[in-house]
Amino acid sequence: MEQVTVIGLGEMGGALAAALVRAGHRVTVWNRTAARADALIAAGARLASDPETAIAASPITIVCVSDYTATSAILTSDAAPAALGGRTLVQLSSGTPRQAREMSAWAAETGARYLDGKIFAWPRQIGGPEAAMFLAGSAAVFEEAKPVLKSLAGGLTHLGEEPGIAAAYFSAGLAYLAGHWIGFAHGAHIAEAEGIDVNALGEMLGGFAPVLGEDLRHMGRVVAQGAFAEPESALKTAGNDIARLIDQAADAGISDAFPRFAAGLFQEAIRAGHGAEEHVAIIRTMRDQGPRQPAP
Ligand code: NAP
């Protein structure tokens, strides 16, 4: 069993630390709000008084806090950078590829070995076979860290040595999930207005999961091969259907924010001449447009 430190004991960091304790590792923890460590201490973890003491306690430190800004605030405090020298730092907080690359470069300056990982799981799945974790960084460091990381996620993937690649996958996956969450919320909004049981809606859409899984693979192939022609369902057909959600919202007296946004993207693609193509040909207008506003 390994010695491992976990910094950050929120919903996800707490689940990571608990899984490591369950797996029998010797776990040291630190969190800005110390009280969040109480249950872990009762389960056998040790609480460090500050970040540098936590880092010094183990050859490997896992950080899972809100973002890279919080991570930097913790890891640059007092003697924390000096403690990192010669140790392995695994950043599991979410962030952008640029932030991951910058943190990798900063970690190298401190003499730390760095892995940048992103979690595709809910906290309750951590430690089990359904939890997926993607990591970027040195293959040798990944191999060394594997006994610890395997205790966190059954689905463990090393994507490569480029430090931003796990964050790039995470950003792309999050973009997909954003549509998934907003789409369901608007569907539930319709269900409520029309007197439909939202539980039944969730069950019905859940039943489509295998079909949606195949559609995701299909869209990946279409975009990768540029094979937008000859769709089973044309972009303009779906775009016109989605535009009718604006009428439905007006009829029901509910928000039309999501249908207006979605219909707008479809209409732009139709105007650009992609109406007879695959739904995912929307990417072609995105490519042509580039960024519209400076990043927030
Ligand atoms: P959370 O419950 O809100 O916990 C946030 C953690 O960050 C807490 O430990 C908090 O400390 C700490 N923190 C925030 N700002 C800080 C600062 N300036 N200095 C020191 N500590 C600070 O969030 P979470 O759900 O655990 O998420 C943590 C990371 O995991 C995020 O990057 C998230 O995107 C990622 N993630 C989460 C999930 C999920 O389902 N929850 C799934 C995948 C990825 P205090 O306790 O002192 O406030």
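Above this text you will find the structure in question.
Source: prediction; values computed, not measured.

### Quick look at the overall build of the protein chain
Along the protein chain, the regular secondary structure elements total 13 helices and eight strands. Projected onto its principal axes, the C-alpha positions of the protein chain cover 60 × 40 × 35 Å. Considering the protein chain as a whole, with its 296 residues, one finds that 40% of them fall into the buried category. Of the contacts made within the protein chain by residues no fewer than 6 positions apart, 62% connect residues no fewer than 24 positions apart. Counting 22 positive and 31 negative side-chain charges, the protein chain places the centres of these two groups 5 Å from one another.

### As for the packing of helix α12 (residues 257-274) against helix α13 (residues 282-289)
A packed helix pair is summarised by two numbers, namely the angle formed by the two axes and the spacing between the axes. With their axes 9 Å apart at the nearest point, α12 and α13 run at an angle of 85 degrees to one another. Taken together, the axis directions place α12 and α13 in an arrangement best described as roughly perpendicular. Contact residues: L265, F266, E268, A269, A272 and H274 in α12; I282, R284, T285 and Q289 in α13. Its residues assigned to classes, the contact of α12 with α13 comprises five nonpolar, three polar and two charged.

### Quick look at the packing of helix α4 (residues 68-75) against helix α6 (residues 97-110)
Relative orientation of the contacting elements α4 and α6 amounts to 15 degrees, with a least axis distance of 11 Å. Compared by their axis directions, α4 and α6 come out roughly parallel. Once α4 is placed against α6, the crossing between them reads as left-handed. Touching Y68, T71, S72 and L75 of α4 are Q99, A100, M103 and W106, all from α6. Grouping the constituent residues of the contact of α4 with α6 by class yields five nonpolar, three polar and no charged.

What counts, and where the lines are drawn
- Residues numbered from 1 in each chain as written.
- Predicted model: local features only at pLDDT ≥ 70, side-chain atom pairs only at ≥ 80, totals over all residues.
- Heavy atoms only, no water.
- Helix = DSSP H or I, 4+ residues; strand = E, 2+ residues; numbered from the N terminus.
- Buried < 20%, exposed > 50% of the residue type's maximum accessible area, 1.4 Å probe, protein only.
- Contact = heavy atoms within 4.5 Å.
- Lys, Arg positive; Asp, Glu negative; His and termini not counted.
- Charge placed at Lys NZ, Arg CZ, Asp CG, Glu CD.
- Axes fitted to C-alpha atoms, helices over the stretch in contact; angles between N-to-C directions.
- Parallel < 35°, antiparallel > 145°, perpendicular 65-115°, else oblique.
- Nonpolar A, V, L, I, M, F, W, Y, C, P; charged D, E, K, R; others polar.
- Left-handed = near helix turned anticlockwise from the far one by under 90°.

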